[in-house]
Amino acid sequence: MLDQKTIEIIKSTVPVLEVHGEQITTVFYKTMFENHPELLNIFNHANQKQGRQQRALAGTVYAAAKYIDNLEAILPVVNQIAHKHRSLGILPEHYPIVGKHLLIAIKEVLGDAATDEINNAWAEAYGVIADAFISVEAEMYDAAANQRGGWDGFRPFIVEKKVEESEVITSFYLKPVDRKVIASFKPGQYISIKLEIEGEEFTHIRQYSLSDAPGKDYYRISVKKEAGMGTPDGKVSNYLHSSVEEGEVLQISAPAGDFFLDTEKDTPVVLISGGVGLTPMVSMLNTVADLQPEKEVTFIHAAQNGKVHALKDEVAATAAKAKVNSVVFYDQPTEEDRQNNSYDVEGYVTKEWLKENVNLEQSDFYFCGPVTFMKAINSALKDLGVKEERIHFEFFGPMASLEA
Ligand code: HEM
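Residues numbered from 1 in each chain as written. Predicted model: local features only at pLDDT ≥ 70, side-chain atom pairs only at ≥ 80, totals over all residues. Heavy atoms only, no water.

- Identification of the protein chain as Flavohemoprotein from Mesobacillus boroniphilus JCM 21738 is taken from an unreviewed UniProt entry.
- Looking at the Function (unreviewed entry) heading of the UniProt record, one finds this comment for the protein chain: "Is involved in NO detoxification in an aerobic process, termed nitric oxide dioxygenase (NOD) reaction that utilizes O(2) and NAD(P)H to convert NO to nitrate, which protects the bacterium from various noxious nitrogen compounds. Therefore, plays a central role in the inducible response to nitrosative stress." (UniProt positions renumbered as here; feature names shortened; annotations may be inferred.)

Set out below in structure tokens:
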């Protein structure tokens with residue numbers, strides 16, 4: 001445990017570091033990758049370029065430092081990050097590397113203001129924060145490896161089937177090469193795929209939500225092709241779409257993530273998705289249909305139009321056999337959509353619509369989609385008085401804030 005003086009130094013320097021937060025983490029990544037280029041096999045290059053990971057890491061180190069004498073308070077955040085770390089294969093020996101380069105960066109950016117006392121205090125504080133992550137992650141590694149059908153690290157899976165679900169989304173059905181049992185998962189969780197792309201120096205790891213219910217002999221992911229974005233993010237999804245064919249082998253880590261449907265509760269749920277955010281929602285929907293067909297479900301999906309609306313027939317078929325009210329929103333329906341009556345509401349999911357159409361008092365709300373969509377849903381639900389403990393959401397990519 002840190003002594004009182006160290007705690008005071010940490011707490012008093014947090015605001016200064018916050019001001020320089022992004023600058024420090026930019027220097028940190030640059031020096032760390034210069035000294036340890038092998039880490040580029042784990043980190044997402046697209047997030048680096050867009051500065052998203054910089055913000056996520058800086059924010060978390062300072063948030064943790066504020067609670068350095070009571071890290072229990074930020075355990076939910078640690079837990080969420082630890083899930084991602086576990087799924088990526090981050091190990092205890094990686095932590096000193098990050099710590100060393102974070103301190104180098106703090107010294108470089110703060111210059112003379114970084115006294116030995118401050119540097120030492122931060123070295124100690126980082127050690128405490130790192131230990132908290134390492135111990136939570138150790139438990140997760142054990143749980144992932146020791147569950148039935150579980151495994152450590154990455155396991156080879158064969159692409160059994162590839163199905164085009166819309167103009168932009170394709171599903172991949174993945175079965176283990178060893179044909180043995182695969183770990184179950186909670187609906188809403190994701191897997192990581194480690195890809196080697198021909199001609200690329202480093203591997204790419206990406207997370208994809210599982211899009212079908214657990215209990216099958218395959219995992220399914222449904223991937224959106226991020227065309228024309230020019231980022232490595234787009235490169236990976238494009239590669240999956242255009243170059244990974246049936247019969248190909250992919251390296252997969254065991255399911256992870258703390259965003260999942262509570263299947264113990266039998267109160268109503270409202271599942272809201274925008275675009276490819278529907279993947280974890282379909283997993284939740286299919287699970288409810290399998291396990292709790294009496295549960296009241298409202299499945300709301302917003303897409304631009306029918307051309308990019310994935311898994312439409314599957315959702316309709318599931319809705320027909322369980323107690324599901326499925327509502328489709330298109331904000332730019334095509335003429336064909338109009339003629340076929342293939343959607344229910346034209347426009348966006350609004351507060352007014354939610355107020356009239358869902359059970360606000362009893363439901364748990366789960367939502368996933370683009371950040372702007374999630375901000376709108378989150379603030380609508382809060383305005384409508386839905387309690388925070390009944391609001392659950394997931395970001396694709398690094399965490400961001402939903403506050404305006
Ligand atoms: C993701 C914090 C240590 C590698 C993240 C995220 C946060 C974070 C906030 C984003 C989580 C999300 O998007 O859900 C931290 C903190 C650390 C730490 C506070 C130290 C106490 C490490 C270490 C490594 C590492 C030691 C490996 C060398 C990664 C990677 C990602 C990630 C690869 C995924 C995002 C990307 O690829 O850019 N971490 N982390 N982290 N972390 Fe850490």
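Text resumes after the structure shown.
1. Side note on the environment of tyrosine 126
Right, so step 1: Secondary-structure assignment places tyrosine 126 in helix 7 (residues 116-146).
Right, so step 2: Taking the C-alpha atoms as reference, tyrosine 126 lies 9.3 Å from tyrosine 95; in sequence the two are 31 residues apart.
Right, so step 3: In this view, tyrosine 126 contacts Tyr95, Val98, Gly99 and Leu102; residues no more than four positions away in its chain are not counted.
Right, so step 4: Within the local environment of tyrosine 126, its side chain forms a polar contact with the backbone oxygen of tyrosine 95, the two atoms lying 2.7 Å apart. (Helix = DSSP H or I, 4+ residues; strand = E, 2+ residues; numbered from the N terminus. Contact = heavy atoms within 4.5 Å. Polar contact = N/O pair within 3.5 Å; in protein donor to acceptor, adjacent residues only side chain to side chain.)

2. Some words on the packing of helix 5 (residues 75-88) against helix 7
Right, so step 1: The geometry of helix 5 relative to helix 7 is characterised by a closest axis approach of 9 Å and an angle of 55° between their N-to-C directions. Taken together, the axis directions place helix 5 and helix 7 in an arrangement best described as oblique. The handedness of the crossing between helix 5 and helix 7 is right-handed. On helix 7, the residues touching Leu75, Val78, Asn79, Ile81, Ala82, His83, His85 and Arg86 of helix 5 are Ala132, Phe133, Val136, Glu137, Met140, Tyr141 and Ala144.
Right, so step 2: Among the residues making up the contact of helix 5 with helix 7, the classes are represented as ten nonpolar, three polar and two charged. (Axes fitted to C-alpha atoms, helices over the stretch in contact; angles between N-to-C directions. Parallel < 35°, antiparallel > 145°, perpendicular 65-115°, else oblique. Left-handed = near helix turned anticlockwise from the far one by under 90°. Nonpolar A, V, L, I, M, F, W, Y, C, P; charged D, E, K, R; others polar.)

3. What to know about the pattern of salt bridges
Right, so step 1: Overall, the coordinates contain 17 salt bridges when judged by the stated rule.
Right, so step 2: Linking lysine 175 and aspartate 217 is a salt bridge whose minimum nitrogen-to-oxygen distance equals 3.4 Å. Placement of the pair is lysine 175 in strand 2 (residues 169-176) and aspartate 217 in the loop between strand 4 (204-209) and strand 5 (219-224), with a sequence separation of 42 residues.
Right, so step 3: Take aspartate 217: its relative accessible area is 46%, and that puts it in the partly exposed class.
Right, so step 4: Through salt bridges that share partners, Glu335, Arg338 and Glu346 make up one connected network. (Salt bridge = Lys/Arg side-chain N within 4 Å of Asp/Glu carboxyl O. Buried < 20%, exposed > 50% of the residue type's maximum accessible area, 1.4 Å probe, protein only.)

4. Comments concerning the UniProt feature "active site" (unreviewed entry) in the protein chain
Right, so step 1: Per the UniProt record, "active site" (unreviewed entry) is found at Tyr95 and Glu137. Spanning 43 residues, the named residues form one tight spatial group whose C-alpha atoms are at most 11.9 Å apart.
Right, so step 2: Here tyrosine 95 shows up in helix 6 (residues 94-110).
Right, so step 3: Taking the relative accessible area as the measure of exposure, tyrosine 95 reaches 7% and is therefore buried.
Right, so step 4: Setting aside residues no more than four positions away along its own chain, tyrosine 95 makes contact with His85, Ile90, Tyr126, Ala130, Phe133, Ile134 and Glu137.
Right, so step 5: Its relative accessible area of 2% is what places glutamate 137 among the buried residues.

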